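Residues per chain are reported as follows:
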Amino acid sequence: MNRTLFYLALAGIAVVLQTALLPPFLQGDYKPDLVLLLVVYLGLQEDRWRGGLLVYLMGWLFDGVGGAFPGLYGFVLLTIFLVVRGIVSRVNTESSALLLLLVMAGTVLQAALVSFALDFFRQDVSVLSQIAWQLPIQLLLNFVAGYFFLKLTVWLQRTFLPRSKLPGLRKLDSRYET
Amino acid sequence: MWEWWQKNRPLMLCAVLLLMALLWYSVNLRQQDETNFLEGVVLRLTGPVQAGLSQVISGAADIWSHYLYLIDTEKENRALVENNRKLSAMLAENDEVRLENERLRRLLEFKEAQEIATLPARVIAEDATSWFRTVTIDKGAEQGVVEGMPVVVAEGVVGRVVRSSPRFARVLLVTDASSAVASLLQGNRARGICRGKGERLVFDFVLRQEEVKAGDRVVTSGMGGVFPKGLVVGEVTSVDRQKFGLFQAVEVIPAVDFSHLEEVLVLLRRPQ
């Protein structure tokens, strides 16, 4: 329960960062997708059912502050989570670079799913060309955000909680990589 | 059959889960124009934090742009810089007040020119995604803001309210892909629909035989039932009249600079 609340709080912080804190410092309408980062991380760490429910809730939280299509991000984020969950047994989850790779792949998948969900279910709304145009910059932004997330999280743990075990952080720490 | 089910159960359950999520999204598209319970809760929870952060950031950004770049100047100029800083601070403060004053004055003039009751609001947050274009404002149902109300500034149309909680509301900008505004060309009165396309708009369904040229002003036609007639939407930037087809492709640049949107006016009229 504590872990669930912790992740939900993290998602809340990510949402506030994306909507209010980062936009004044970034050009145009681009912003790093921190919630996606969290979803990929959960895909690597959490089990299918608990993580799935959590991610679906995060999707609803995201829908409350992004776009105007309730349930869209619930579906999109849940799909990304389940895809990550599906491949997690086939890859080396001890590698911190994997998170970055999955964030990039998740960005592309997210763009494809949003396009599909809108173009297929709402014929009057077409976002495909707009998303395709914006995708390279979004990929770059998410990569940079993922890199800093990795560095910052490990640094925070080493500095403030050197002896405690935060969920999954050990796998992200390069000291434990083989 | 049982063996097959046991073997593929996780996969099938995942597929069912995804289908349910997709179905729920599809069902919600029908009630898209209303704020549901969860969205209301999210707006209520995030709104105050966003409003607080917005205040802090505008202050910090002001400090950043007006003070911090002076810190690394030469030592011998420090005293001078110190004076300069104080003066810059005063100037910056004055500038900010003057600019705000100008913006509010324009809004006030515009407000007085409107026959419909208006409510000024401050933009406190942007959309969480890069794909959609919405903003959150610091006025909600308690102040009479409900879904469907048009939002404008002195320069032109901003968008319409799509979600409303007691103290905050979300506005769908005209540049969003799901936005459509019934419009017409001010010059020759050719009708069409302005759809959002990221930073620009596309003026759809303008007949091929209509004379359209770059620089033509596009205004709301009042036909959609959301925006009153005659509000500026933007200006035509390019026209592509192909050899075949009923319509021509017209691109429009919005009249409003959405990257510098700070104060807006909500027109307190319910959609017809």
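Keep in mind it's a predicted model, so treat the numbers as computed, not measured. (Residues numbered from 1 in each chain as written. Chains lettered and ligands numbered in written order. Predicted model: local features only at pLDDT ≥ 70, side-chain atom pairs only at ≥ 80, totals over all residues.)

A. Just the overall build of chain A, in detail. Regarding its fold elements, chain A presents seven helices and zero strands. When the helices and strands of chain A are read in sequence order from the N terminus, they spell out α-α-α-α-α-α-α. Look at the contacts in chain A between residues 6 or more apart in sequence, and 64% of them connect residues 24 or more apart. (Helix = DSSP H or I, 4+ residues; strand = E, 2+ residues; numbered from the N terminus. Contact = placed C-beta atoms within 7 Å.)

B. A look at the overall build of chain B. Looking only at helices and strands, one finds three helices and twelve strands in chain B. Expected size for 272 residues packed as a compact globule is a radius of gyration near 19 Å; at 24 Å, chain B overshoots this value by more than 25%. Dimensions of chain B along its principal axes, counting C-alpha atoms only, are 85 × 60 × 40 Å. A total of 272 residues make up chain B; the buried ones form 35% of that total. Long-range pairs, those at least 24 residues apart, make up 57% of the contacts in chain B between residues at least 6 apart in sequence. (Rg over C-alpha atoms; globule rule 2.2 N^0.38 Å. Buried ≥ 20, exposed ≤ 12 C-beta atoms within 10 Å, placed from the backbone.)

C. Expanded view of the sheet that holds strand β8 (residues 200–207) of chain B. Residue and element names in this part refer to chain B. Around the barrel, which closes on itself, the six strands sit in the order β6-β7-β8-β11-β10-β9 with antiparallel pairing between neighbours. Within this sheet the neighbouring strands show an average axis-to-axis angle of 40°, counted without direction. Here three bridges tie strand β6 (residues 180–185) to strand β9 (residues 217–220), and the two strands are oriented antiparallel to one another. By the bridge assignment for β9, L184 is matched with V219. (Pairing = 2+ DSSP bridges. Axes fitted to C-alpha atoms, helices over the stretch in contact; angles between N-to-C directions.)

D. Looking closely at the interface of chain A and chain B. On the side of chain B, 41 residues touch chain A, which itself brings 43 residues to the contact. Top contributing element to the side of chain A that touches chain B by residue count: helix α3 (residues 48–63) of chain A, with seven residues. Looking at the side of chain A that touches chain B residue by residue, the classes come out as 25 nonpolar, 13 polar and five charged. (Nonpolar A, V, L, I, M, F, W, Y, C, P; charged D, E, K, R; others polar.)

E. How the structure looks around α3(A). For α3(A), which comprises 16 residues, the first-to-last C-alpha distance of 22 Å matches the rise-based estimate of 22 Å (1.5 Å per residue) to within 8%. Buried within α3(A) are the following residues: G51(A), G52(A), L54(A), V55(A), Y56(A), M58(A), G59(A), L61(A), F62(A) and D63(A). (Expected span 1.5 Å × (residues − 1).)

F. Geometry of the confidence of the model for chain A. Here chain A averages 83 in pLDDT, while 89% of its residues score no lower than 70. Predicted confidence in chain A is weakest over helix α7 (residues 169–172) of chain A, with a mean pLDDT of 52, and strongest over helix α4 (residues 72–87) of chain A, with 92. (pLDDT = per-residue confidence, 0-100.)

G. Highlighting the environment of L54(A). Residues and elements named next belong to chain A. With respect to the helices and strands, L54 occurs in helix α3. Between the alpha carbons of L54 and L5 there is a distance of 9.4 Å; along the sequence they are 49 residues apart. Setting aside chain neighbours within four positions, we find L54 in contact with T4, Y7, L42 and E46.

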